[in-house]
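Given next are the chains, with one letter for each unit.
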Amino acid sequence: MGGVALWPAQASAEAPRVDAIFSLLLVVSAVIILLVAGLLLGFAIRYRRGSKAPRGRLPAILSRDIEIGWTSATAFLALFLFWWAGAAQLAAVQPPPQALEIRVIGRQWMWEVRHPSGARELDELHVPLGEPVRLVMSAEDVIHSFFVPAFRLKQDVVPGRLTEAWFTATQPGEYHLFCAEFCGTEHSAMRGRVVVLPPEDYARWSHAQPEGDNLAQQGAKAFVALGCAGCHVAGGPVHAPGLAGLYGRQVALADGRRVMADEAYLRDSILLPRQDVVAGYDPVMPSFAGVASEAELQRVVAYLMSLREAATP
Amino acid sequence: MSEVAFDPTAPHGVHPPSYLTAGHTLRSWLTTTDHKRIAILYMLALTLFFFIGGIAAALIRLELFTPAGDLLTAEGYNRAFTLHGVIMVWFFLVPSIPVTLGNFLVPLMIGAEDMAFPRLNLLSWYIFMAAGLLAAFTILAGGVETGWTFYTPLATAFANGNVLAAAGAVFVAGFSSIATGVNLIATIHTQRAPGMTWFRLPLFVWGMYTVSIVIVLATPVLAMALLLIMAERGLGLPIFDPAHGGDPLLFQHLFWFYSHPAVYIMILPSFGVISELVTCFARRRIFGYEFMVYAMAWISIVGFLVWGHHMFVSGMSSYASLVFSFLSFVVAVPSAIKVFNWTFTFYRGEIGFAAPMLYAIGFIGLFTVGGLTGLFLASVPVDVHVTDTYFVVAHFHYIMVGGAVSAFYGGLHFWWPKITGRLYPEAWARFAAVLMFFGFAFTFTPMFLMGFLGMPRRYYSYPAEFQIWHVLASAGALLLAFAYLLPMAYLAWSLRWGRRAGDNPWQATGLEWSTTSPPPPHNFATMPRVAEGPYLYHPAETGPQHGQPEPEQKQGDHP
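The model shown is predicted, which means the values in this text are computed figures rather than measured ones.

Residues and elements named next belong to chain A. The element strand 6 (residues 144-148) is extensively covered by neighbouring structure, given that five of its five residues are classed as buried. Side chains His144, Phe146 and Val148 of strand 6 all project onto a buried face; the interleaved residues Ser145 and Phe147 project onto the opposite face, where all are buried too. As paired elements, strand 6 and strand 7 (residues 153-157) share five bridges and run antiparallel to each other. For histidine 144, the partnering residue across the bridge sits in strand 7 and is valine 157. Hairpin connection from strand 6 to strand 7: four residues lie between these consecutive antiparallel strands, with arginine 152 at a positive phi of about 55°. Alignment of strand 6 against strand 9 (residues 173-179), held across two bridges, turns out to be antiparallel. For phenylalanine 147, the partnering residue across the bridge sits in strand 9 and is phenylalanine 178.

See the structure below:
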């Protein structure tokens, strides 16, 4: 490595946008610091005790007006900076719909990554260059935070809820992956690398992974093993809602609300079944919190999501 | 500002009676209700805690000298930074200026005999010491590794160590804070001398008033959040546990609802101190007195509404982030106003460069950098990248250490002659002030850069590419440690060998300078009467006139 880097690598589509805001703030800060330091030191020298600089009546401009002037100037500057940063933030909220979906589990003290193909990695994440990637993340124990400095990406990974982040890698290479939220004794060992591969290399890498079921197929097995299939089947012993085509649909609930059956809804319905009971059904489903592991949950949810594609021709 | 007529019948000894000579036994100190003695008691306790927190900081900087974890174990390192955070925040920075300088000076500055509730004042010291004992027990029993933030579920279900004792210590210390806050509010409302109207109060008193309101409103929320943590960890009540439908983010909201205002608890008193120092050594009225007051009031109100900017990556809704981002930009405005006003107070002054003024100039510089980097953290896309990295560590140290600790040292030097009756050695003090500024910048500026490069905080081993920045920071910390220790040495020396100060060595305005140094037990021989505003360092017509003209019928005019 030649020399000391003063600027982090820019390896995602988001990185130049963040850096533009950062650079503008640097310029604004430099101007203000020079202004304050220049005035302060200039006054301190010119008006040092015993100097001959005139000190008579203050010019009229240095009265209430200037005070109101710099208050409004700072307020407008603050509003402008907010507007710019806020617009950039909102533009990056929604991932593109065709993004490659990769699941991440944080646990003390490792990252577990599952690709849609079923390939599994520890403390590593291989992603294709130029393709949007959406990370769907959860934690098994405490809060972790998925941090890739080169992508300007950070998202806490929280037990009991799904968090999401997305990026499009723009530079092939290997980058640091850190846990950024203090997560216990070996927090600083919870790091790995993100490998950005050109699409053909990514395909090659993906094929080289041990053959196995994909995530949804693994989920179908877990669906049976956990006993879900016992009730959620047409003509089963218990009156339970069918799940085919559920994902992405509006669901009417017993208390009159309507909710979107997204991933968080599917997951919550497994862990906290009495929270959102579907209209026309009795709240008889037991909670699977503590029964299904985080990895099993992810597989079952992936299976339920795959049923949409199967159901809609 | 006022005339204090000394009682002509008072005995003329060699030294006038002072609060220091009012009693020499240990008992006379431990049962005192004199606000000045209680301030001294607090000062001794805070010095001890500053040493403990400082030793932890030294261990951290030593460990980070190399990328590998070699000096401490991972657990030892985590315990060191948790100890550093807990002690420095709750046992040094939050109480620092209010309980020492505030306790000592507020009654003197408003012309009162004592605080409104002298016994509550002493009680708050005992509560603080009880909390300190609990904290000391926590340390001796091995410490905790949760970070000062006590995030769940780490603190409730996963961390080893004495989390209950540590949270209990902070919980108890909160009552001491609240008692001091209530006392200051009551004192400023009810104990002002005749003629001391609200807009004649020195800005230091305004700083104490606004900070007390923040303390009284925010601390109960922290107490509640800590109780919930203790209930979950100690009694097994599932409050934040996601397995039982709880939400770890709820704790973060409660915690930051206190802990962001806590930053203003640390910095508002400094604003007051700096205004006193700048006016005295520039021989100028403060530029824009009323705006300075409104800026402090604005900060103390809007400061309550920005806590969510600590949680932009926590999983909170993007739209909530947007609102908190907006409010965080809004709260930057009054801080900027204060910096501009201090700067223009220099304009057309007669500026002297005694040590307190050097501390004040250093404060303005470091606070400006700290405040501007706050804008980076208020911008959501930038915050996502730099939060939980060393950028944040640098930012809040610039405000809380470069800002608040510089102001504390500056204020301590300025009022040292009043507190002890002795002058400190000026040349040494100037050297220490300059060294503190450069030592600080040397320590914390590299952290901005390595944070931007991606170095996460709370890492005990780290990738080798960050080593150069850590080495620079550790080397700067050595200078900084020296700059903190040096004043302790010469100030202690001056207690015995320093020249006698006289009543008003700085020719400062302000009621505290109109009484003897050190002041007598009840502060003033006769009740002061106030007829004019603060900082009358020069004729009114050559100074900034911002406020309304003084009313014709002056309150409390001399009879």
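Turning our eyes to something else, we now look at the domain arrangement of chain A. Residue and element names in this part refer to chain A. Annotation of chain A at the domain level lists domain 1 (100-208) and domain 2 (215-311). Domain 1 and domain 2 are separated by 26 Å when their C-alpha centres are compared. Each side of the interface is counted separately: domain 1 has 17 residues, and domain 2 has ten residues. Both sides of the domain 1 and domain 2 interface together cover about 1,200 Å² of buried area, and 47% of this is carbon and sulfur. When the buried area of domain 1 at its contact with domain 2 is split by residue, Arg103, Arg114 and Leu162 rank highest and sum to 48% of it. Linking domain 1 with domain 2 are two salt bridges. Among the ionic pairs, glutamate 263 bridges to arginine 103, the shortest N-O distance being 2.8 Å. Summed over the shared surface of domain 1 and domain 2, the result is four residue pairs in polar contact (both at pLDDT 80 or more). Considered class by class, the residues forming the side of domain 1 that touches domain 2 number six nonpolar, four polar and seven charged.

Let us now look at the interface of chain A and chain B. Every contact between the two is made by 82 residues of chain A and, on the other side, 95 residues of chain B. For the chain A and chain B pair, buried surface summed over both sides reaches about 7,700 Å², with 71% attributable to carbon and sulfur atoms. For the pair chain A and chain B, the number of links is two salt bridges. Arginine 55 of chain A serves as the salt-bridge partner of glutamate 350 of chain B, at 3.5 Å between the closest nitrogen and oxygen. For the pair chain A and chain B, the interface holds 21 residue pairs in polar contact (both at pLDDT 80 or more). Contributions of two or more residues to the side of chain A that touches chain B are made by helix 1 (14-46), helix 2 (64-91), strand 7 and strand 9 of chain A. Sort the elements by how many residues they give to the side of chain A that touches chain B and helix 2 of chain A lands first, with 17 residues. Counted by class, the side of chain A that touches chain B contains 50 nonpolar, 17 polar and 15 charged residues.

Membership of the largest hydrophobic core comes to 262 residues, with the highest contact counts inside it found for Phe146 and Phe151 of chain A together with Trp90 and Phe91 of chain B. In terms of residues, this core owes the most to one element, helix 9 (residues 248-282) of chain B, which gives 21 residues. Residue contacts for phenylalanine 146 of chain A: discarding those within four places in its chain leaves Val104, Trp111, Leu125, Leu135, Met137, Leu153, Lys154, Gln155, Val157, Leu177 and Phe178 of chain A.

In this section: the sheet that holds strand 3 (residues 120-122) of chain A. All names here are of chain A. The five strands lie next to each other as 3-2-1-5-8, forming an open sheet whose pairing is mixed. Across the chains shown, the open sheet's two edge strands, defined by having one partner strand only, are strand 3 and strand 8 (163-168). On average, each strand axis in the sheet is tilted by 25° relative to the strand beside it, whichever way the strands run. Two elements, strand 1 (residues 100-107) and strand 5 (residues 132-139), share seven bridges in a ladder whose sense is parallel. When the bridges of strand 5 are listed, isoleucine 105 appears paired with serine 138. Where helix 5 (residues 263-271) meets the sheet, its contacts fall on strand 1, strand 5 and strand 8, and the angle it forms with strand 5 comes to roughly 20°.

What counts and what doesn't
Residues numbered from 1 in each chain as written. Chains lettered and ligands numbered in written order. Predicted model: local features only at pLDDT ≥ 70, side-chain atom pairs only at ≥ 80, totals over all residues. Heavy atoms only, no water. Buried < 20%, exposed > 50% of the residue type's maximum accessible area, 1.4 Å probe, protein only. Helix = DSSP H or I, 4+ residues; strand = E, 2+ residues; numbered from the N terminus. Pairing = 2+ DSSP bridges. Domains from an automatic or database assignment. Contact = heavy atoms within 4.5 Å. Buried area = accessible area lost by both parts, 1.4 Å probe. Salt bridge = Lys/Arg side-chain N within 4 Å of Asp/Glu carboxyl O. Polar contact = N/O pair within 3.5 Å; in protein donor to acceptor, adjacent residues only side chain to side chain. Nonpolar A, V, L, I, M, F, W, Y, C, P; charged D, E, K, R; others polar. Core = buried A, V, L, I, M, F, W, Y, C linked by side-chain atoms within 4.5 Å. Axes fitted to C-alpha atoms, helices over the stretch in contact; angles between N-to-C directions.

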